[in-house]
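A structural walkthrough
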Amino acid sequence: MNKIISIKEAISHIKNGNTIAVGGFGLVGCPLRLVEVLGEHPVYGLTVISNNLGEPDGKGLGRILLQNKITKAIGSFFTSNIDAVRYVNEGKLEVELVPQGTLAERLRAGGAGIGGFYTKTSAGTLLAENKESRTINGEEYVLEFALYPDVALIKAKKADRYGNLSFSKTARNFNPDMAKAAKITIVEAEEIVEVGELTPEEIVVPHLFVNYIVKGEKSNEF
Amino acid sequence: MNFKQKMAIRAVQEIKNGNIVNLGIGIPTLVADFLPKDKNIFLHTENGLLGVGPTPSKEEVDSDIINAGKLPVTAQEGASYFSSSESFAMIRGGHIDVAILGALQVAENGDIANWAIPGKDILGVGGAMDLVAGARKVIVTTQHCAKNGDPKILRRCTFPITAKNLVSLLITEYAVFRFENGKMILEELAEEMTESELKKITPAEYIVSPNLSKYQMNGTEHLLENY
(Lines give C-alpha, C1' and ligand atoms only; values in the text may rest on other atoms or scores of the structure.)
Protein backbone atom coordinates (compact mmCIF):
# COMPACT_ATOMS: atom_id res chain seq x y z
CA MET A 1 0.00 0.00 0.00
CA ASN A 2 2.01 2.95 -1.28
CA LYS A 3 0.11 6.20 -1.08
CA ILE A 4 3.09 8.46 -1.79
CA ILE A 5 3.07 9.56 -5.42
CA SER A 6 4.31 12.49 -7.51
CA ILE A 7 2.26 15.68 -7.64
CA LYS A 8 1.77 15.21 -11.38
CA GLU A 9 0.44 11.68 -10.92
CA ALA A 10 -1.84 12.84 -8.12
CA ILE A 11 -3.33 15.61 -10.23
CA SER A 12 -4.01 13.18 -13.08
CA HIS A 13 -6.87 11.80 -10.96
CA ILE A 14 -8.81 15.00 -11.67
CA LYS A 15 -11.00 14.63 -14.79
CA ASN A 16 -12.98 17.07 -16.91
CA GLY A 17 -16.16 18.21 -15.22
CA ASN A 18 -15.12 16.96 -11.75
CA THR A 19 -16.13 18.62 -8.52
CA ILE A 20 -13.02 19.28 -6.45
CA ALA A 21 -12.78 20.50 -2.87
CA VAL A 22 -9.70 22.59 -2.09
CA GLY A 23 -8.65 23.33 1.50
CA GLY A 24 -7.65 26.67 2.94
CA PHE A 25 -8.90 29.90 4.44
CA GLY A 26 -7.51 32.35 1.94
CA LEU A 27 -4.05 30.96 1.21
CA VAL A 28 -3.51 29.55 4.72
CA GLY A 29 -3.94 25.78 4.65
CA CYS A 30 -4.32 25.77 0.86
CA PRO A 31 -2.31 23.03 -0.94
CA LEU A 32 -0.52 25.53 -3.15
CA ARG A 33 1.80 23.03 -4.88
CA LEU A 34 -1.09 20.81 -5.92
CA VAL A 35 -2.99 23.85 -7.17
CA GLU A 36 0.06 24.99 -9.14
CA VAL A 37 0.41 21.63 -10.89
CA LEU A 38 -3.35 21.52 -11.51
CA GLY A 39 -2.67 24.64 -13.58
CA GLU A 40 -0.47 22.55 -15.90
CA HIS A 41 -3.03 19.73 -16.19
CA PRO A 42 -5.48 19.94 -19.13
CA VAL A 43 -8.83 19.67 -17.33
CA TYR A 44 -11.77 22.00 -17.75
CA GLY A 45 -15.30 22.53 -16.53
CA LEU A 46 -14.38 22.09 -12.88
CA THR A 47 -16.70 22.85 -9.99
CA VAL A 48 -14.59 24.03 -7.07
CA ILE A 49 -15.69 23.83 -3.45
CA SER A 50 -13.50 26.16 -1.39
CA ASN A 51 -14.11 28.92 1.14
CA ASN A 52 -12.55 31.47 -1.26
CA LEU A 53 -11.31 31.38 -4.82
CA GLY A 54 -7.69 32.32 -4.20
CA GLU A 55 -6.42 35.85 -4.12
CA PRO A 56 -6.00 38.44 -6.87
CA ASP A 57 -3.09 38.23 -9.37
CA GLY A 58 -3.55 34.51 -9.81
CA LYS A 59 -2.59 33.42 -6.31
CA GLY A 60 -3.78 29.97 -5.20
CA LEU A 61 -7.03 29.03 -6.94
CA GLY A 62 -7.03 32.47 -8.58
CA ARG A 63 -4.52 31.00 -11.03
CA ILE A 64 -6.83 28.14 -12.04
CA LEU A 65 -9.68 30.60 -12.45
CA LEU A 66 -7.64 32.76 -14.84
CA GLN A 67 -6.94 29.63 -16.90
CA ASN A 68 -10.71 29.29 -17.43
CA LYS A 69 -10.79 25.84 -15.87
CA ILE A 70 -13.46 26.62 -13.29
CA THR A 71 -17.09 26.96 -14.35
CA LYS A 72 -18.70 26.91 -10.91
CA ALA A 73 -17.57 27.83 -7.41
CA ILE A 74 -19.23 26.82 -4.14
CA GLY A 75 -17.94 28.81 -1.17
CA SER A 76 -18.60 31.56 1.35
CA PHE A 77 -16.47 34.57 0.40
CA PHE A 78 -15.39 35.44 -3.14
CA THR A 79 -15.17 39.23 -2.87
CA SER A 80 -11.53 39.09 -1.74
CA ASN A 81 -10.52 38.08 -5.28
CA ILE A 82 -11.52 40.77 -7.79
CA ASP A 83 -10.88 38.33 -10.63
CA ALA A 84 -13.67 36.11 -9.31
CA VAL A 85 -16.02 39.10 -9.16
CA ARG A 86 -15.10 40.03 -12.74
CA TYR A 87 -15.63 36.46 -13.99
CA VAL A 88 -19.10 36.38 -12.44
CA ASN A 89 -20.00 39.71 -14.03
CA GLU A 90 -18.74 38.50 -17.41
CA GLY A 91 -20.90 35.37 -17.10
CA LYS A 92 -17.85 33.11 -17.08
CA LEU A 93 -18.35 31.79 -13.55
CA GLU A 94 -21.40 30.48 -11.73
CA VAL A 95 -21.32 30.94 -7.96
CA GLU A 96 -23.19 29.16 -5.19
CA LEU A 97 -22.77 31.34 -2.12
CA VAL A 98 -23.00 29.39 1.14
CA PRO A 99 -22.62 30.62 4.72
CA GLN A 100 -19.25 29.46 6.00
CA GLY A 101 -20.66 27.22 8.73
CA THR A 102 -23.10 25.65 6.29
CA LEU A 103 -20.24 25.00 3.86
CA ALA A 104 -18.21 23.23 6.57
CA GLU A 105 -21.22 21.23 7.77
CA ARG A 106 -22.26 20.20 4.24
CA LEU A 107 -18.76 18.79 3.78
CA ARG A 108 -18.81 17.14 7.21
CA ALA A 109 -22.20 15.61 6.36
CA GLY A 110 -20.88 14.33 3.02
CA GLY A 111 -18.08 12.52 4.80
CA ALA A 112 -20.30 11.14 7.56
CA GLY A 113 -23.05 9.62 5.43
CA ILE A 114 -25.59 12.30 6.31
CA GLY A 115 -27.63 13.34 3.29
CA GLY A 116 -28.74 16.69 4.65
CA PHE A 117 -29.52 18.64 7.80
CA TYR A 118 -31.55 21.55 9.13
CA THR A 119 -29.81 24.71 10.35
CA LYS A 120 -31.00 28.06 11.69
CA THR A 121 -28.26 29.82 9.71
CA SER A 122 -29.68 31.84 6.77
CA ALA A 123 -33.33 31.35 7.85
CA GLY A 124 -35.42 34.20 6.48
CA THR A 125 -32.62 35.51 4.24
CA LEU A 126 -31.87 35.63 0.52
CA LEU A 127 -29.66 32.54 0.85
CA ALA A 128 -32.61 30.46 2.08
CA GLU A 129 -34.79 31.29 -0.95
CA ASN A 130 -36.26 28.21 -2.64
CA LYS A 131 -34.96 26.02 0.16
CA GLU A 132 -37.20 23.82 2.26
CA SER A 133 -37.61 25.05 5.81
CA ARG A 134 -39.39 23.78 8.90
CA THR A 135 -40.10 24.90 12.41
CA ILE A 136 -38.30 22.93 15.10
CA ASN A 137 -38.86 23.83 18.76
CA GLY A 138 -40.50 27.06 17.64
CA GLU A 139 -37.59 28.24 15.50
CA GLU A 140 -37.17 28.29 11.73
CA TYR A 141 -34.57 25.93 10.24
CA VAL A 142 -33.38 25.59 6.63
CA LEU A 143 -32.67 22.28 4.88
CA GLU A 144 -29.16 21.98 3.44
CA PHE A 145 -27.71 19.02 1.54
CA ALA A 146 -24.36 17.26 1.87
CA LEU A 147 -21.51 17.89 -0.55
CA TYR A 148 -19.76 14.97 -2.28
CA PRO A 149 -16.61 16.14 -4.08
CA ASP A 150 -14.97 13.76 -6.57
CA VAL A 151 -11.50 14.79 -5.40
CA ALA A 152 -10.23 16.76 -2.37
CA LEU A 153 -6.90 18.58 -2.48
CA ILE A 154 -5.85 19.24 1.08
CA LYS A 155 -2.84 20.49 3.02
CA ALA A 156 -1.37 18.90 6.15
CA LYS A 157 1.65 19.61 8.32
CA LYS A 158 2.70 15.98 8.58
CA ALA A 159 1.58 12.78 6.93
CA ASP A 160 2.90 9.34 7.76
CA ARG A 161 3.16 6.68 5.09
CA TYR A 162 -0.29 5.29 5.94
CA GLY A 163 -1.83 8.74 5.42
CA ASN A 164 -2.42 9.69 9.05
CA LEU A 165 -2.40 13.47 9.22
CA SER A 166 -1.58 16.28 11.62
CA PHE A 167 -2.07 19.96 10.94
CA SER A 168 -0.41 23.26 11.74
CA LYS A 169 -2.36 25.85 13.75
CA THR A 170 -5.13 27.60 11.79
CA ALA A 171 -3.93 25.96 8.56
CA ARG A 172 -6.24 23.07 9.54
CA ASN A 173 -9.53 24.87 8.70
CA PHE A 174 -11.56 23.02 6.02
CA ASN A 175 -8.95 20.34 5.31
CA PRO A 176 -10.21 17.56 7.64
CA ASP A 177 -13.84 18.03 6.54
CA MET A 178 -12.87 17.88 2.86
CA ALA A 179 -10.64 14.83 3.38
CA LYS A 180 -13.64 12.94 4.72
CA ALA A 181 -16.15 14.10 2.09
CA ALA A 182 -14.27 13.30 -1.14
CA LYS A 183 -14.20 10.06 -3.11
CA ILE A 184 -10.45 10.57 -3.68
CA THR A 185 -8.42 12.57 -1.15
CA ILE A 186 -4.98 13.84 -2.06
CA VAL A 187 -2.92 15.41 0.71
CA GLU A 188 0.03 17.75 0.25
CA ALA A 189 2.15 17.31 3.37
CA GLU A 190 4.94 19.61 4.49
CA GLU A 191 6.66 16.57 5.94
CA ILE A 192 6.26 12.87 5.23
CA VAL A 193 7.26 10.77 8.25
CA GLU A 194 7.57 7.11 9.16
CA VAL A 195 4.60 5.27 10.62
CA GLY A 196 4.75 5.62 14.40
CA GLU A 197 6.27 9.09 14.40
CA LEU A 198 2.86 10.66 14.77
CA THR A 199 1.42 9.62 18.11
CA PRO A 200 -2.16 8.29 17.99
CA GLU A 201 -3.25 11.37 19.97
CA GLU A 202 -1.86 13.90 17.52
CA ILE A 203 -3.45 12.31 14.46
CA VAL A 204 -6.37 14.54 13.46
CA VAL A 205 -7.32 12.72 10.24
CA PRO A 206 -6.86 8.93 10.39
CA HIS A 207 -5.40 7.27 7.28
CA LEU A 208 -8.63 5.67 6.01
CA PHE A 209 -9.71 9.09 4.72
CA VAL A 210 -6.55 9.59 2.65
CA ASN A 211 -5.83 8.03 -0.76
CA TYR A 212 -2.65 9.75 -1.94
CA ILE A 213 0.17 11.74 -0.37
CA VAL A 214 2.48 14.20 -2.10
CA LYS A 215 5.40 16.14 -0.69
CA GLY A 216 4.86 19.88 -0.34
CA GLU A 217 6.49 22.60 1.70
CA LYS A 218 5.57 25.26 4.22
CA SER A 219 4.17 28.37 2.64
CA ASN A 220 4.72 31.83 4.07
CA GLU A 221 1.77 33.36 2.28
CA PHE A 222 -1.44 34.50 3.88
CA MET B 1 -10.38 58.81 22.43
CA ASN B 2 -12.20 58.74 19.08
CA PHE B 3 -15.82 57.66 18.66
CA LYS B 4 -14.85 54.19 17.46
CA GLN B 5 -12.81 53.57 20.60
CA LYS B 6 -15.71 54.86 22.65
CA MET B 7 -18.03 52.31 21.07
CA ALA B 8 -15.50 49.54 21.57
CA ILE B 9 -15.14 50.44 25.27
CA ARG B 10 -18.92 50.48 25.65
CA ALA B 11 -19.10 46.99 24.08
CA VAL B 12 -16.40 45.68 26.43
CA GLN B 13 -18.69 46.39 29.38
CA GLU B 14 -21.10 43.73 28.08
CA ILE B 15 -18.44 41.03 28.31
CA LYS B 16 -18.37 39.01 31.52
CA ASN B 17 -15.55 37.10 33.15
CA GLY B 18 -15.11 33.73 31.43
CA ASN B 19 -17.02 34.69 28.27
CA ILE B 20 -16.24 33.23 24.85
CA VAL B 21 -16.30 36.14 22.41
CA ASN B 22 -16.16 36.38 18.62
CA LEU B 23 -15.19 39.75 17.14
CA GLY B 24 -16.12 40.83 13.63
CA ILE B 25 -14.11 43.06 11.34
CA GLY B 26 -14.06 46.88 11.78
CA ILE B 27 -15.03 48.55 15.06
CA PRO B 28 -15.48 45.14 16.79
CA THR B 29 -11.77 44.42 16.21
CA LEU B 30 -10.95 47.38 18.49
CA VAL B 31 -12.72 45.61 21.37
CA ALA B 32 -9.67 43.35 21.74
CA ASP B 33 -7.56 46.39 22.64
CA PHE B 34 -9.73 47.25 25.64
CA LEU B 35 -10.37 43.87 27.25
CA PRO B 36 -9.78 44.20 30.99
CA LYS B 37 -6.73 42.26 32.11
CA ASP B 38 -8.34 41.20 35.36
CA LYS B 39 -10.93 39.11 33.50
CA ASN B 40 -10.47 35.79 31.73
CA ILE B 41 -11.94 36.34 28.28
CA PHE B 42 -11.45 33.93 25.40
CA LEU B 43 -11.52 35.22 21.84
CA HIS B 44 -12.75 32.80 19.18
CA THR B 45 -11.98 33.17 15.49
CA GLU B 46 -14.05 31.12 13.06
CA ASN B 47 -11.10 29.92 11.00
CA GLY B 48 -10.24 27.60 13.87
CA LEU B 49 -8.72 29.12 17.03
CA LEU B 50 -10.07 29.62 20.55
CA GLY B 51 -7.76 31.85 22.58
CA VAL B 52 -6.61 34.51 20.12
CA GLY B 53 -3.69 36.50 21.50
CA PRO B 54 -2.29 39.92 20.57
CA THR B 55 -0.94 40.88 17.16
CA PRO B 56 2.59 39.48 16.80
CA SER B 57 5.68 41.58 16.21
CA LYS B 58 7.10 41.41 12.69
CA GLU B 59 9.63 38.75 13.73
CA GLU B 60 6.99 36.64 15.44
CA VAL B 61 4.57 36.47 12.47
CA ASP B 62 3.69 32.86 11.61
CA SER B 63 1.73 32.61 8.36
CA ASP B 64 -0.13 29.58 9.77
CA ILE B 65 -1.84 31.66 12.52
CA ILE B 66 -4.33 34.16 11.17
CA ASN B 67 -7.70 35.48 12.24
CA ALA B 68 -10.91 35.61 10.20
CA GLY B 69 -9.77 38.95 8.76
CA LYS B 70 -6.71 37.08 7.39
CA LEU B 71 -4.40 39.10 9.65
CA PRO B 72 -1.58 37.48 11.63
CA VAL B 73 -2.39 36.82 15.30
CA THR B 74 -0.93 34.77 18.14
CA ALA B 75 -2.35 32.00 20.32
CA GLN B 76 -2.69 32.53 24.08
CA GLU B 77 -1.72 29.99 26.71
CA GLY B 78 -4.57 27.45 26.86
CA ALA B 79 -5.58 28.08 23.24
CA SER B 80 -6.80 25.33 20.93
CA TYR B 81 -6.99 24.82 17.16
CA PHE B 82 -9.78 22.97 15.38
CA SER B 83 -11.38 22.33 11.99
CA SER B 84 -13.96 24.57 10.33
CA SER B 85 -16.88 22.22 11.08
CA GLU B 86 -15.90 22.12 14.75
CA SER B 87 -15.45 25.89 14.84
CA PHE B 88 -18.92 26.37 13.42
CA ALA B 89 -20.36 23.75 15.78
CA MET B 90 -19.17 26.13 18.51
CA ILE B 91 -20.90 29.03 16.78
CA ARG B 92 -24.08 27.33 15.57
CA GLY B 93 -24.41 25.17 18.66
CA GLY B 94 -24.79 28.21 20.93
CA HIS B 95 -21.38 27.92 22.61
CA ILE B 96 -20.25 31.47 21.82
CA ASP B 97 -21.42 33.83 24.57
CA VAL B 98 -21.05 37.10 22.68
CA ALA B 99 -20.64 37.99 19.01
CA ILE B 100 -19.80 41.61 18.24
CA LEU B 101 -20.38 42.62 14.64
CA GLY B 102 -20.62 45.67 12.42
CA ALA B 103 -23.74 46.40 10.36
CA LEU B 104 -24.93 48.21 7.26
CA GLN B 105 -28.45 48.49 8.69
CA VAL B 106 -30.32 47.50 11.85
CA ALA B 107 -34.12 47.50 12.12
CA GLU B 108 -36.39 48.11 15.10
CA ASN B 109 -37.43 44.43 15.11
CA GLY B 110 -33.83 43.29 15.68
CA ASP B 111 -33.11 42.41 12.03
CA ILE B 112 -29.57 43.06 10.87
CA ALA B 113 -28.16 43.56 7.36
CA ASN B 114 -24.38 43.35 7.13
CA TRP B 115 -23.39 41.28 4.11
CA ALA B 116 -24.85 42.62 0.87
CA ILE B 117 -25.84 45.86 -0.83
CA PRO B 118 -28.55 45.71 -3.52
CA GLY B 119 -27.22 46.46 -6.97
CA LYS B 120 -23.70 45.42 -6.02
CA ASP B 121 -22.10 42.00 -6.35
CA ILE B 122 -23.43 39.63 -3.72
CA LEU B 123 -20.46 37.33 -3.55
CA GLY B 124 -19.40 37.17 0.08
CA VAL B 125 -21.17 36.16 3.27
CA GLY B 126 -18.44 34.44 5.29
CA GLY B 127 -19.50 33.47 8.80
CA ALA B 128 -21.84 36.42 9.43
CA MET B 129 -25.11 34.47 9.16
CA ASP B 130 -23.78 31.67 11.35
CA LEU B 131 -22.61 34.08 14.05
CA VAL B 132 -25.83 36.07 14.24
CA ALA B 133 -27.98 32.93 14.24
CA GLY B 134 -25.82 31.01 16.69
CA ALA B 135 -24.25 33.32 19.28
CA ARG B 136 -26.10 33.68 22.60
CA LYS B 137 -25.82 37.45 22.56
CA VAL B 138 -25.42 39.52 19.40
CA ILE B 139 -24.01 43.02 19.88
CA VAL B 140 -23.88 45.37 16.92
CA THR B 141 -21.43 48.26 16.90
CA THR B 142 -21.95 50.67 14.03
CA GLN B 143 -21.94 54.36 13.22
CA HIS B 144 -25.42 55.77 13.57
CA CYS B 145 -25.59 56.98 9.95
CA ALA B 146 -23.84 55.93 6.75
CA LYS B 147 -20.94 57.99 5.37
CA ASN B 148 -23.32 59.75 2.95
CA GLY B 149 -25.64 60.62 5.85
CA ASP B 150 -28.26 57.95 5.11
CA PRO B 151 -29.86 56.59 8.27
CA LYS B 152 -28.85 53.03 9.22
CA ILE B 153 -31.21 52.45 12.15
CA LEU B 154 -34.49 51.80 10.36
CA ARG B 155 -38.09 50.61 10.66
CA ARG B 156 -37.19 47.74 8.30
CA CYS B 157 -33.89 46.85 6.63
CA THR B 158 -33.87 47.69 2.91
CA PHE B 159 -30.68 45.69 2.28
CA PRO B 160 -30.73 41.86 2.31
CA ILE B 161 -30.79 40.77 5.94
CA THR B 162 -28.24 38.56 7.68
CA ALA B 163 -30.74 37.24 10.24
CA LYS B 164 -34.19 37.99 11.61
CA ASN B 165 -34.88 39.49 15.07
CA LEU B 166 -31.60 38.39 16.60
CA VAL B 167 -29.80 41.58 17.63
CA SER B 168 -29.65 41.92 21.45
CA LEU B 169 -27.83 45.25 21.78
CA LEU B 170 -27.00 48.07 19.39
CA ILE B 171 -24.18 50.47 20.18
CA THR B 172 -23.66 53.59 18.04
CA GLU B 173 -21.56 56.67 18.77
CA TYR B 174 -24.73 58.44 19.97
CA ALA B 175 -26.83 55.84 21.73
CA VAL B 176 -27.28 52.34 23.11
CA PHE B 177 -30.45 50.37 22.29
CA ARG B 178 -31.61 47.08 23.78
CA PHE B 179 -33.94 44.69 21.91
CA GLU B 180 -36.45 42.84 24.03
CA ASN B 181 -39.65 40.96 23.12
CA GLY B 182 -39.70 42.51 19.65
CA LYS B 183 -39.27 46.04 21.01
CA MET B 184 -36.36 48.43 20.59
CA ILE B 185 -35.54 50.37 23.74
CA LEU B 186 -33.30 53.42 24.03
CA GLU B 187 -31.17 52.79 27.11
CA GLU B 188 -28.32 55.28 26.90
CA LEU B 189 -27.61 58.57 25.21
CA ALA B 190 -24.20 60.09 24.50
CA GLU B 191 -23.22 63.29 26.33
CA GLU B 192 -23.43 65.44 23.20
CA MET B 193 -26.77 64.02 21.98
CA THR B 194 -30.34 64.93 22.91
CA GLU B 195 -33.46 62.80 22.61
CA SER B 196 -34.98 65.06 19.94
CA GLU B 197 -31.80 65.17 17.85
CA LEU B 198 -31.52 61.39 18.04
CA LYS B 199 -35.10 61.02 16.85
CA LYS B 200 -34.26 63.05 13.72
CA ILE B 201 -31.52 60.67 12.60
CA THR B 202 -33.30 57.46 13.67
CA PRO B 203 -36.24 56.34 11.48
CA ALA B 204 -36.69 53.22 13.66
CA GLU B 205 -39.46 53.44 16.24
CA TYR B 206 -38.19 52.85 19.74
CA ILE B 207 -39.32 53.15 23.32
CA VAL B 208 -37.35 55.35 25.71
CA SER B 209 -36.37 53.39 28.78
CA PRO B 210 -37.67 54.82 32.06
CA ASN B 211 -34.11 54.35 33.25
CA LEU B 212 -32.54 56.27 30.34
CA SER B 213 -29.01 57.20 31.29
CA LYS B 214 -25.88 58.79 29.87
CA TYR B 215 -23.60 56.57 27.78
CA GLN B 216 -22.09 54.19 30.34
CA MET B 217 -18.33 54.57 30.20
CA ASN B 218 -17.56 53.04 33.60
CA GLY B 219 -13.92 52.24 33.90
CA THR B 220 -13.02 54.12 30.74
CA GLU B 221 -10.02 55.82 32.31
CA HIS B 222 -8.69 52.51 33.52
CA LEU B 223 -9.16 50.92 30.07
CA LEU B 224 -7.51 53.78 28.28
CA GLU B 225 -4.47 53.49 30.53
CA ASN B 226 -3.86 50.09 28.99
CA TYR B 227 -4.21 51.45 25.49
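Residues numbered from 1 in each chain as written. Chains lettered and ligands numbered in written order. Predicted model: local features only at pLDDT ≥ 70, side-chain atom pairs only at ≥ 80, totals over all residues. Heavy atoms only, no water.

If you look chain B up in an unreviewed UniProt entry, it shows as Succinyl-CoA--3-ketoacid-CoA transferase from Neobacillus kokaensis.

Chain A is annotated in an unreviewed UniProt entry as Succinyl-CoA:3-ketoacid-CoA transferase from Neobacillus kokaensis. Heading Sequence similarities (unreviewed entry) of the UniProt record for chain A holds this comment: "Belongs to the 3-oxoacid CoA-transferase subunit A family." (UniProt positions renumbered as here; feature names shortened; annotations may be inferred.)

1. So, the layout of surface pockets
Taken as a whole, the second largest pocket encloses approximately 210 Å³ of empty space. Forming the walls of the second largest pocket are K120(A), S122(A), A123(A), E139(A), E140(A), A133(B), T162(B), A163(B), K164(B), N165(B) and L166(B). Here the lining of the second largest pocket is built from residues that sort into four nonpolar, three polar and four charged. (1 Å grid on protein atoms, 1.4 Å probe; cavity = no way out; pocket = protein on both sides within 12 Å on 5 of 7 lines; lining within 4 Å. Points joined across faces, edges and corners; volume = space filled by probe spheres on them. Nonpolar A, V, L, I, M, F, W, Y, C, P; charged D, E, K, R; others polar.)

2. With respect to the environment of K59(A)
Residue and element names in this part refer to chain A. Summarising the element assignment, K59 is placed in the loop between β2 (46–49) and α3 (61–66). On the basis of relative accessible area, K59 is assigned to the partly exposed category, the value being 38%. With 162 residues separating them in the primary sequence, K59 and E221 have C-alpha atoms 9.6 Å apart. Dropping the residues within four chain positions of it, K59 is found in contact with L27, G54 and E221. (Helix = DSSP H or I, 4+ residues; strand = E, 2+ residues; numbered from the N terminus. Buried < 20%, exposed > 50% of the residue type's maximum accessible area, 1.4 Å probe, protein only. Contact = heavy atoms within 4.5 Å.)

3. Thoughts on unusual backbone geometry
Residue and element names in this part refer to chain A. Located in the positive-phi region is N130, a residue other than glycine, with phi close to 65°. Here N130 lies in the loop between β5 (116–119) and β6 (133–136). Relative accessible area serves as the criterion here: at 84%, N130 is assigned to the exposed category. Even without glycine at this site, N173 takes up a positive phi of about 25°. With respect to the helices and strands, N173 occurs in the loop between β9 (165–166) and α6 (175–181). Of the residues examined, N173 reaches a relative accessible area of 0% and is grouped as buried.

4. Considerations on the domain arrangement of chain A
Residue and element names in this part refer to chain A. Entries for chain A in the domain assignment read domain 1 (7–99 + 147–215) and domain 2 (101–145). Distance between the C-alpha centres of domain 1 and domain 2: 24 Å. Together domain 1 and domain 2 conceal approximately 1,300 Å² of surface at their shared face, both sides included; 70% is due to carbon and sulfur atoms. If you sort the residues of domain 1 by the area they bury against domain 2, P99, L147 and D177 come out on top, with a joint share of 46%. (Domains from an automatic or database assignment. Buried area = accessible area lost by both parts, 1.4 Å probe.)

5. Considering the interface of chain A and chain B
Listed per partner, the contact involves 49 residues of chain A and 37 residues of chain B. Contact between chain A and chain B buries roughly 3,300 Å² in total, counting both sides, with carbon and sulfur atoms accounting for 60%. Of all residues in chain A, the largest losses of buried area upon contact with chain B belong to K169(A), T170(A) and F222(A), amounting jointly to 20% of the total for that side. Joining chain A to chain B, the criterion identifies five salt bridges. A salt bridge links K70(B) to E55(A); the nearest nitrogen and oxygen atoms lie 3.2 Å apart. Counting the contacts that link chain A with chain B gives 23 residue pairs in polar contact (both at pLDDT 80 or more). Of all the secondary-structure elements, those providing two or more residues to the side of chain A that touches chain B are α4 (82–89), β4 (94–97), α5 (100–112), β5 and α6 of chain A. The class makeup of the residues in the side of chain A that touches chain B is 19 nonpolar, 19 polar and 11 charged. (Salt bridge = Lys/Arg side-chain N within 4 Å of Asp/Glu carboxyl O. Polar contact = N/O pair within 3.5 Å; in protein donor to acceptor, adjacent residues only side chain to side chain.)

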